[in-house]
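Letter by letter, the chains look like this.
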Amino acid sequence: MMYIKDQVKKLTPYKPGKTVDEVKKELGLSEIIKLASNENPFGCSEKVGQELTAHAMNYAIYPDGGGSVLRQALTEFYQLPGEQFILGNGSDEIIQIISRAMLDSSKNTVMAAPTFPQYKHNAVIEGAKVIEVPLIDGRHDLNKMASAVDQDTAVVWVCSPNNPTGVSISDQDLKHFIEQIPDHVVIVLDEAYFEYVTAADYYDALELIRKYPNLIVTRTFSKAYGLAGFRVGYGIAQPSLIQALEPVREPFNTNALAQLAAAAAIKDQSFIQHCREQNRNGIEKFERFCTEHNLGFFPTQGNFILVHFNKDANVMFEALMRKGIIARSGHALGYPESLRITIGTEEQVNKTLKAIEEIISQ
Ligand SMILES: *Cc1c(COP(=O)(O)O)cnc(C)c1O
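Residues numbered from 1 in each chain as written. Predicted model: local features only at pLDDT ≥ 70, side-chain atom pairs only at ≥ 80, totals over all residues. Heavy atoms only, no water.

### Quick word on the sheet that holds strand 8 (residues 233–236)
(1) Moving on: Strand order across the open sheet formed by 7 strands is 2-8-7-6-5-3-4, with mixed pairing between neighbours. The open sheet has two edge strands, strand 2 (85–88) and strand 4 (129–134), and neither has a second partner. Ignoring which end each strand starts from, the neighbouring axes of this sheet average 20 degrees apart.
(2) Moving on: Sheet analysis places strand 3 (residues 108–113) next to strand 4, joined by 6 bridges and oriented parallel. (Pairing = 2+ DSSP bridges. Helix = DSSP H or I, 4+ residues; strand = E, 2+ residues; numbered from the N terminus. Axes fitted to C-alpha atoms, helices over the stretch in contact; angles between N-to-C directions.)

Structural data, given as structure tokens:
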């Protein structure tokens, strides 16, 4: 019998949701709005397509393993030297690299619950002990998380805005938290939804990176930049932390097209600003609707909202799907009576709210 690690045997593979085509076929619908994976409803900057068609690329050669074009674009955008970035095949891969480099069976790792599931998934594969600290009203309990840290803790994960609740952390709370974390512990600050944040009390992650050598911030091109299909994410930290992780990274982990696409995308900040504004309008519409209809929700800084329906999430999920809208059931997210719904375009938001209204008024 082949050998499989015990902890891997206990895991289940990631289950992707049904594709739009599958749902169309199954329900005989012609139009489907997919609001399940927090993809950008506006697509991506048109600069991306222009850049990709302008470059005749030799597909037979390996990509630039150092990602120099994208690294240069990040350097210009952030005004930070290239050695402060690590590039990943999505920020999922940055999470995997950190876990592989820093976790094993002699270590523990601290995270919120519910939060983005890949932290736990990767920690389990590495055999580390996982310490989960329950959220309070969708918010990280940072004081409890800090007191869960001991001499065996290697990594603490902080997700802001948190997936699946959308709640972000304030400048004051985050600084107070980091001050309490001993410097042998690496703090991972996952900012997959950074570009959408409008909260006035949000922190400046770059200022924190300058101050704390044990902090790494992860960001992605999958959400606001609208490039989920290309798989590009990155970590930002002081050079010493990046250097410690680099040996774990696969030599050609980000592909040639993805590097070009991401470098073009980050140069178009007016597209990002447009998406942020549209997203905020959509959130406000959702929040007004929820308040008017007595539905609970968490105040969100992401491009999604977790709405509490006070009934089985799968029932609500199915009812919405029959109306052509695919949301994410809260069952797998730790909120069995809620749906996580991506904020769509204005038209999609209107259709979604109309569909919800029809369902709950029945
Ligand atoms: C979507 C998401 C990611 C992963 O993004 P990729 O860059 O596509 O791998 C990471 N963290 C959170 C919180 C997310 O929601």
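### So, a nonpolar patch on the surface
(1) Moving on: Together, Met2, Ile4 and Val8 make up an exposed nonpolar region whose accessible area comes to about 260 Å².
(2) Moving on: Mapped onto the secondary structure, Met2 falls in the segment before helix 1 (6–9). (Patch = residues over 30% accessible without salt bridge, like charges linked within 9 Å, V, L, I, M, F, W, Y side chains within 5 Å. Areas by Shrake-Rupley, 256 points an atom, 1.4 Å probe, with all protein chains shown as cover. Salt bridge = Lys/Arg side-chain N within 4 Å of Asp/Glu carboxyl O.)

### Considerations on the packing of helix 3 (residues 46–54) against helix 11 (residues 256–266)
(1) Moving on: Packing of helix 3 against helix 11 leaves a shortest axis separation of 8 Å and a crossing angle of 135 degrees. In terms of their interaxial angle, helix 3 and helix 11 are classed as oblique. Crossing of helix 3 over helix 11 shows right-handed handedness. Only Leu257, Leu260, Ala261, Ala264 and Ala265 of helix 11 make contact with helix 3, whose side of the interface consists of Lys47, Val48, Glu51 and Leu52.
(2) Moving on: Of the residues in the contact of helix 3 with helix 11, the class split is 7 nonpolar, no polar and 2 charged. (Parallel < 35°, antiparallel > 145°, perpendicular 65-115°, else oblique. Left-handed = near helix turned anticlockwise from the far one by under 90°. Contact = heavy atoms within 4.5 Å. Nonpolar A, V, L, I, M, F, W, Y, C, P; charged D, E, K, R; others polar.)

### Some points on the environment of Ile216
(1) Moving on: Inspection of the secondary structure puts Ile216 in strand 7 (residues 215–220).
(2) Moving on: Between the alpha carbons of Ile216 and Thr300 there is a distance of 23 Å; along the sequence they are 84 residues apart.
(3) Moving on: Once you skip the residues sitting within four places of it in the chain, Ile216 turns out to touch Ile86, Ile98, Val186, Ile187, Val188, Leu189, Gly235, Ile236, Ala237, Leu241, Ile242 and Leu245.

### Considerations on the UniProt feature "domain: Aminotransferase class I/classII large" (unreviewed entry) in the protein
(1) Moving on: Here the UniProt feature "domain: Aminotransferase class I/classII large" (unreviewed entry) sits at residues 31–356.
(2) Moving on: Helix makes up 39% of residues 31–356 and strand 17%, and the two end C-alpha atoms of the span are 17 Å apart. (UniProt positions renumbered as here; feature names shortened; annotations may be inferred.)

### Let's talk about the sheet that holds strand 13 (residues 338–342)
(1) Moving on: Taken in spatial order, the 4 strands make up an open sheet running 9-10-13-12, and their pairing is antiparallel. What marks the edges here is a single partner per strand, and that holds for strand 9 (296–297) and strand 12 (328–329).
(2) Moving on: Helix-sheet contacts for helix 12 (residues 269–292) involve strand 9, strand 10 (304–308) and strand 13, and the interaxial angle to strand 10 is about 5 degrees.

### Comments concerning the site of the ligand
(1) Moving on: The local shell around the ligand holds 13 residues, among which Ser91, Tyr193, Thr220, Ser222 and Lys223 are the closest.
(2) Moving on: Surface burial for the ligand is 94%, taken as the share of its 390 Å² of free accessible area covered by protein chains. (Near = heavy atom within 4 Å.)

### Looking at the UniProt feature "modified residue: N6-(pyridoxal phosphate)lysine" (unreviewed entry) in the protein
(1) Moving on: According to UniProt, the "modified residue: N6-(pyridoxal phosphate)lysine" (unreviewed entry) feature falls on Lys223.
(2) Moving on: By relative accessible area, which is 16% here, Lys223 ends up buried.
(3) Moving on: Contacts of Lys223, omitting those with residues within four sequence positions, involve Ser37, Asn38, Asn40, Ala192, Tyr193 and Tyr196.
(4) Moving on: Within the local environment of Lys223, its side chain forms a polar contact with the side chain of Tyr193, the two groups lying 3.2 Å apart. (Buried < 20%, exposed > 50% of the residue type's maximum accessible area, 1.4 Å probe, protein only. Polar contact = N/O pair within 3.5 Å; in protein donor to acceptor, adjacent residues only side chain to side chain.)

### Here's the deal with the state of the cysteines
(1) Moving on: Enumeration according to the criterion identifies 0 disulfides in this entry.
(2) Moving on: Between Cys44, a cysteine without a disulfide, and Cys275, which holds the nearest cysteine sulfur, the sulfur-to-sulfur distance is 9.6 Å.
(3) Moving on: Here Cys275 falls in the buried class, since its relative accessible area comes to 1%. (Disulfide = S-S within 2.5 Å.)

### Remarks on the domain arrangement of the protein
(1) Moving on: Taken domain by domain, the protein holds domain 1 (6–44 + 270–361) and domain 2 (58–268).
(2) Moving on: Here domain 1 and domain 2 have C-alpha centroids that lie 25 Å from each other.
(3) Moving on: Taken together, the contact pairs 29 residues of domain 1 with 30 residues of domain 2.
(4) Moving on: Between the two partners, domain 1 and domain 2, sit 0 salt bridges.
(5) Moving on: Counting every contact that joins domain 1 to domain 2 gives 11 residue pairs in polar contact (both at pLDDT 80 or more).
(6) Moving on: Those elements that place two or more of their residues in the side of domain 1 that touches domain 2 are helix 1, helix 12 and strand 10.
(7) Moving on: A class-by-class count of the residues in the side of domain 1 that touches domain 2 yields 12 nonpolar, 13 polar and 4 charged. (Domains from an automatic or database assignment.)

### Remarks on the pairing of strand 7
(1) Moving on: Counting buried positions along strand 7 yields 6 of 6 residues, so the element is predominantly enclosed.
(2) Moving on: Burial along strand 7 is two-sided: the residues Leu215, Val217 and Arg219 and Ile216, Thr218 and Thr220 are all buried.
(3) Moving on: Across 4 bridges, the pairing between strand 7 and strand 8 is antiparallel. Looking at strand 8, one finds that Thr218 is bridged to Gly235.

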